[in-house]
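Geometric and topological summary
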Amino acid sequence: MIFAGGTLLPDSELNFVLGQLEVELLQTLSGPQLEAETVLAALDALEKELDGGALDPLIARYAPPGAREELERVRPQLSRAALEERLYLELGGLAGPRPFGRAEVRPLGVLLHAAPGNMAGLPVFTAVEGLLTGNVNLVKLPHGDKGLSLAIFQKLTKLEPKLAPWLYAFDLSSKSSGAIQALAALADGIVTWGGDGAISAMRSMAPPGCRLIEWGHRLSFAYLSHWTQGELPGLAEHILRTGGLLCSSCQVVYLDTELLSEAERFCKQFLPVLETAAAEYYQNPGQAAQGALYAREAALEQIVDRSGSGDLVFSGQCCSLTLRRDMELELSHLHGNVLVKRLPRKEVLAALRRQRGRLQTAGLLCPPGEREELAALLARAGVNRVTGPAHMSDALPCEAHDGEYPLRRYVRIVDIE
């Protein structure tokens, strides 16, 4: 499906829409600028619809399992108060009098979003950032989006028809290179989410002078210098809830120790906690069977890929821990099957800087007196977020995105003498 002019259109209209798009974009850009207040008011109205249950049929029809919970986690970032604070924090002070005259903040113009599909609502979120900065937004929907984003875009433009000329969405396969290339040719900026392959593909399509705004895949981990049994359930719940699928998901549990015996003790202590979290997450027999299958697949991959490596596997009910002897940050087996490694603090910089540019969140568990020291060490290694282990994937109010303020990347400064 295609979303254009506030209307849902069939895929058969793609060539017609693309043929008319440049004219429509020029008409929109030559008219009045989109005001942030218009966007904020529309989102206010959408929030009231969500609170009143008006969006429940859309979520039930189009969203994958767990989408309601994911939307609730994204929702605080879309509140008026949070967005107004972001506008002030990220764009405040960029405009105003200058010795030569004045500086103004202007939108880039047209943004093409290659939207992410690893969390429900993120295509809407990236489009909202573009709208807030006054840009026309062309959204390439992810493969996993089953219609929820299109339904929300339609609802949003019905609540505020002024947004219709500023928002388009295309349910295109990544193989539709011709159509994506046509969209890229119209863009002043390309916002791309995804792995190295997706980013490279969009780079190759970007016209000269087009700003590339890349939110690539990131790696996150937990770092424990000291722990008690009561502090571990939050980490276990995070591992099961995110399944290792988010940039902020814990891929490796690092322990501040050189002793293999200490790491084995942790695994034996943490495994029952992880099993408890798995039992709460996989609540019916079908889910439990799926969890057991994930754990079995992780064990088989371990046998096939790393036979003779010296790894120790601690298998639980619907989950597992794999204790490895190296210190490399890498992807885990996902879905409640996580890696454990030793990383004494004296080795933190050397180990983590091998993944510089890809680091995101560290879930830090340590005595209060060590927190500042360890947070500074992790920041020097390249980490962009330091949270508690239970909050690694929680949105922090007014936080940066991978070490940058996104709204600043969607605008340009015009100096006027």
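Look up a bit, the structure's there.
What counts as what
Residues numbered from 1 in each chain as written. Predicted model: local features only at pLDDT ≥ 70, side-chain atom pairs only at ≥ 80, totals over all residues. Heavy atoms only, no water. Axes fitted to C-alpha atoms, helices over the stretch in contact; angles between N-to-C directions. Helix = DSSP H or I, 4+ residues; strand = E, 2+ residues; numbered from the N terminus. Parallel < 35°, antiparallel > 145°, perpendicular 65-115°, else oblique. Contact = heavy atoms within 4.5 Å. Nonpolar A, V, L, I, M, F, W, Y, C, P; charged D, E, K, R; others polar. Disulfide = S-S within 2.5 Å. Buried < 20%, exposed > 50% of the residue type's maximum accessible area, 1.4 Å probe, protein only. Pairing = 2+ DSSP bridges. Salt bridge = Lys/Arg side-chain N within 4 Å of Asp/Glu carboxyl O. Phe/Tyr/Trp six-rings, centres within 6.5 Å; stacked < 30°, edge-to-face > 60°. Lys NZ or Arg CZ within 6 Å of the ring centre and 35° of its normal. Right-handed = clockwise from strand over helix to strand, strands pointing away. Left-handed = near helix turned anticlockwise from the far one by under 90°.

**Looking at the packing of helix α6 (residues 122-132) against helix α7 (residues 148-159)**
Their axes nearest at 9 Å, the elements α6 and α7 cross at an angle of 40 degrees. In terms of orientation, α6 and α7 fall into the oblique class. Contact with α6, carried on its side by P123, V124 and A127, involves S149, I152 and F153 of α7 and no other residues of that element. Its residues assigned to classes, the contact of α6 with α7 shows five nonpolar, one polar and no charged.

**Points about the state of the cysteines**
Across all of its chains, the model carries zero disulfides by this definition. Note on C267: no disulfide assigned, nearest cysteine sulfur contributed by C319 at a separation of 12 Å. Residue C267 is classed as buried on the basis of its relative accessible area, which comes to 0%. Distance from the sulfur of C319, which forms no disulfide, to the nearest cysteine sulfur (C318) is 7.1 Å.

**Some thoughts on the sheet that holds strand β4 (residues 101-107)**
Taken together, the three strands give an open sheet; going across it, the order is β3-β4-β17, and neighbouring strands pair in antiparallel fashion. Of all the strands in the sheet, the pair left with one neighbour each is β3 (96-98) and β17 (411-416). If you compare each strand with its neighbour and ignore which way they point, the axes differ by 35 degrees on average.

**Some remarks on the pattern of salt bridges**
Side chains that carry opposite charge are capable of pairing whenever their charged atoms lie near each other. Within the structure shown, the criterion is met by 25 salt bridges. Here R80 ties to D44 by a salt bridge, and the two come within 2.7 Å at their closest N and O atoms. Of this pair, R80 sits in helix α5 (residues 80-91) while D44 sits in helix α2 (residues 36-51), and the two are 36 residues apart along the sequence. Residue classification places D44 among the buried positions, given a relative accessible area of 19%. Salt bridges sharing common partners tie together D311, R324, D326, E330 and K341.

**Digging into the sheet that holds strand β10 (residues 219-224)**
Taken in spatial order, the seven strands make up an open sheet running β12-β13-β14-β11-β10-β15-β16, and their pairing is mixed. Whereas interior strands pair on both sides, the edge strands pair on one side only; in this sheet they are β12 (312-316) and β16 (385-387). Averaged over all pairs of adjacent strands, the angle between strand axes in this sheet comes to 20 degrees, irrespective of strand direction. Pairing of strand β13 (residues 319-324) with strand β14 (residues 337-342), which is carried by five bridges, proceeds in the parallel orientation. Bridge pairing in β14 links L323 to V340. Relative to the sheet, helix α10 (residues 233-242) contacts β10, β11 (250-255) and β14, its axis offset from that of β11 by approximately 155 degrees.

**Observations concerning the pairing of strand β7 (residues 167-170)**
Burial of β7 is two-sided: the residues L167 and A169 facing one way and the residues Y168 and F170 facing the other way are all buried. With two bridges connecting them, strand β1 (residues 2-4) and β7 associate as antiparallel partners. By the bridge assignment, F3 is partnered in β7 with A169.

**What to know about the packing of aromatic side chains**
Under the counting rule described, the total for this entry stands at six aromatic pairs. When the centroid spacing of 5.1 Å and the interplanar angle of 80 degrees are considered together, the rings of W227 and F266 count as edge-to-face. A residue pair is termed long-range when its members are at least 10 positions apart, and W227 in the loop between β10 and α10 and F266 in helix α11 (residues 260-281) qualify at 39 residues. Note on accessibility: W227 and F266 belong to one class, buried. Ring pairing ties together the aromatic residues W227, F266 and F270, which thus form one cluster. Against the face of W215 rests R409, its NZ or CZ located 5.1 Å from the ring centre.

**A look at the pairing of β10**
Among the six residues of β10, six are classified as buried, and the element is accordingly described as predominantly covered. Burial of the side chains of β10 extends over both faces: L219, F221 and Y223 are buried on one face and S220, A222 and L224 on the other. Between the parallel pair β10 and β11, the chain is carried across by α10, and the sense of this crossover is right-handed.

**A word on the environment of V386**
Of note, V386 is situated in strand β16. With 248 residues separating them along the chain, V386 and L138 place their C-alpha atoms 33 Å apart. Leaving out residues up to four positions away in the same chain, V386 has contacts with A362, L364, R371 and A375.

**Observations concerning the packing of helix α1 (residues 14-29) against helix α8 (residues 177-185)**
At a closest axis distance of 10 Å, the pairing of α1 and α8 adopts a crossing angle of 20 degrees. Between α1 and α8, the angle is such that the two are roughly parallel. Relative to α8, α1 is oriented so that their crossing is left-handed. Residues L14, L18 and L21 of α1 pack against A179, A182 and L183 of α8.

**Some points on the side chain of H401**
Considering the arrangement of structural elements, one finds H401 in the loop between β16 and α15 (406-409). Accessibility expressed as a relative area gives 19% for H401, which makes it buried. Discounting residues that sit within four places of it in the chain, H401 has contacts with W193, W215 and P406.

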